[in-house]
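# A closer look at the structure
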Amino acid sequence: MEKQFIQEEHFFLKAVEKAAISFPISREAAVKKADGICVKTDFDQCTPLQEILAKLGPNEIENYTQLRQAYLSASAAELKEKLGY
Amino acid sequence: MSNHGGNSAAIPDIGNGILSYSAVQFDPISANTLEEVDQNADRILQWMDRAVVGNPGCDIIVFPECCFQGMAPVNWLQVGIAINSVPIQKVCAKCKELSVWGIFNPWIKPEDGSDIENTAIVVNDQGEIAAQYIKMNPALSMEPTKPGRDMVVCNGPKGSKIAILICADALYPECWREAAFKGANVVFHISHWPIPGERMWKITNQAGAIFNSYYVIGVNSVCTDEGYSFFGGSMAVDPMGMITYEAPRGMPCVFTGAISPMAVDAARISGSNLLWTAYHRGACSADQKGVGLDLSDYTFYSAHSGEEN
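Calculation rules
Residues numbered from 1 in each chain as written. Chains lettered and ligands numbered in written order. Predicted model: local features only at pLDDT ≥ 70, side-chain atom pairs only at ≥ 80, totals over all residues. Heavy atoms only, no water. Helix = DSSP H or I, 4+ residues; strand = E, 2+ residues; numbered from the N terminus. Rg over C-alpha atoms; globule rule 2.2 N^0.38 Å. Contact = heavy atoms within 4.5 Å. Areas by Shrake-Rupley, 256 points an atom, 1.4 Å probe, with all protein chains shown as cover. Lys, Arg positive; Asp, Glu negative; His and termini not counted. Charge placed at Lys NZ, Arg CZ, Asp CG, Glu CD. pLDDT = per-residue confidence, 0-100. Phe/Tyr/Trp six-rings, centres within 6.5 Å; stacked < 30°, edge-to-face > 60°. Lys NZ or Arg CZ within 6 Å of the ring centre and 35° of its normal.

### A few points about the overall build of chain A
Counting its regular elements, chain A contains four helices and four strands. Each helix and strand of chain A, ordered N terminal to C terminal, gives the series α-β-α-β-β-α-β-α. Against the compact-globule benchmark of 12 Å for 85 residues, chain A has a radius of gyration of 13 Å, which places it among compact chains. Reported as C-alpha extents along the three principal axes, the dimensions of chain A are approximately 40 × 25 × 20 Å. Taking the intrachain contacts of chain A between residues at least 6 apart in sequence as the baseline, contacts between residues at least 24 apart amount to 51%. Just so you have it, chain A exposes about 5,500 Å², and 50% of that area is on carbon and sulfur atoms. Between the mean site of the 11 positive side-chain charges and the mean site of the 13 negative ones, chain A shows a separation of 3 Å.

Here is the structure:
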């Protein structure tokens with residue numbers, strides 16, 4: 001069976017920490033802070049943190065829990081689209 | 001905050017952020033007279049002196065429910081006291097003398113002649129009453145006091161945001177949750193909890209901590225009055241529901257501990273926040289876009305709010 005990369009969320013949160021994002025914060029401000037930081041999203045692939053944050057649903061992110069929920073929501077939406085759900 | 005609310009405007013010195021507490025598993029006399037109430041007050045003072053010897057530098061000393069009067073099942077109407085009465089003045093002065101905060105539970109007789117109020121008072125280290133909380137859920141089978149209307153949360157020492165639950169309050173999840181929603185990071189559950197309720201005591205303290213991610217310090221009486229026996233078993237519970245200390249049953253004692261109330265606040269902002277997810281249900285699903293659903297799908301609250309007495 002092909003091995004799948006499933007550590008994106010870990011690397012996302014590490015990148016958020018590196019960007020010194022604290023809460024509450026607007027999505028726009030978070031994107032600004034994320035300048036130049038990349039997230040490992042596959043075995044051989046990185047994605048700019050700004051790109052990931054820009055896709056989050058809420059305009060205002062109240063706390064760390066909401067950030068994670070928003071991240072998972074956006075990831076699930078991407079997967080649905082990819083699978084033609 | 002209501003008319004019985006806490007000191008939300010005054011934020012005490014946070015210091016090192018570690019709250020050192022002493023919990024007194026007290027054995028009140030079941031008072032039939034005001035003289036016996038005064039005797040209980042004097043015994044409270046003795047235990048406060050002991051507490052600072054065994055736990056030098058402690059920030060707060062906590063006594064169980066009914067510490068001034070016992071349950072007073074015989075003459076309860078005769079032993080209610082005023083908020084500015086001598087027994088209360090004594091414990092306030094002692095807090096100031098020792099530079100400690102204190103939590104005490106007198107049965108207060110209102111000046112307007114209305115029913116007795118089972119009242120917890122938080123006294124600061126200047127000897128001032130920083131907050132009052134009236135028990136919202138009097139024990140229906142045995143306690144004819146007036147129910148309170150407001151869950152009070154007040155700023156305490158070392159970054160603590162203190163809520164107090166009094167005995168039967170703990171049997172109603174709404175009290176625990178209301179305290180959390182008002183920002184409490186530590187709940188002092190003060191009780192006159194009788195046998196055979198040992199398991200209820202333990203489970204409710206742990207469940208309160210787990211469901212709301214805060215510390216719970218349960219302080220229970222230990223004595224036998226004209227009708228009931230109170231077993232002790234006071235305990236400290238961390239925000240994961242682990243009992244970090246459990247006092248003996250059946251003996252008066254004082255135990256100590258240290259907690260980090262601000263770690264609770266930090267976890268709510270920068271860690272896992274069960275309260276937030278309670279009213280943002282399913283936020284991580286694709287369709288909910290990181291926001292989720294609120295509490296309006298629960299019919300209990302809407303069905304029972306605004307009902308007339």
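### Concerning the confidence of the model for chain B
All names here are of chain B. Averaged over every residue, the pLDDT of chain B is 92; residues scoring 70 or more account for 96%. Below a pLDDT of 50 lies the segment residues 1-6, which in the model reaches 18 contacts outside its immediate sequence neighbourhood of four places, other chains included. Under the prediction, the complex receives an ipTM of 0.78, its pTM being 0.89.

### Section: the packing of aromatic side chains
This structure, assessed with the given rule, holds 12 aromatic pairs over all chains. What links up through ring pairs into an aromatic cluster is the set A:Phe5, A:Phe11 and A:Phe43. Just above the ring of B:Trp47 sits the side chain of B:Arg50; from NZ or CZ to the centre is 4.3 Å.

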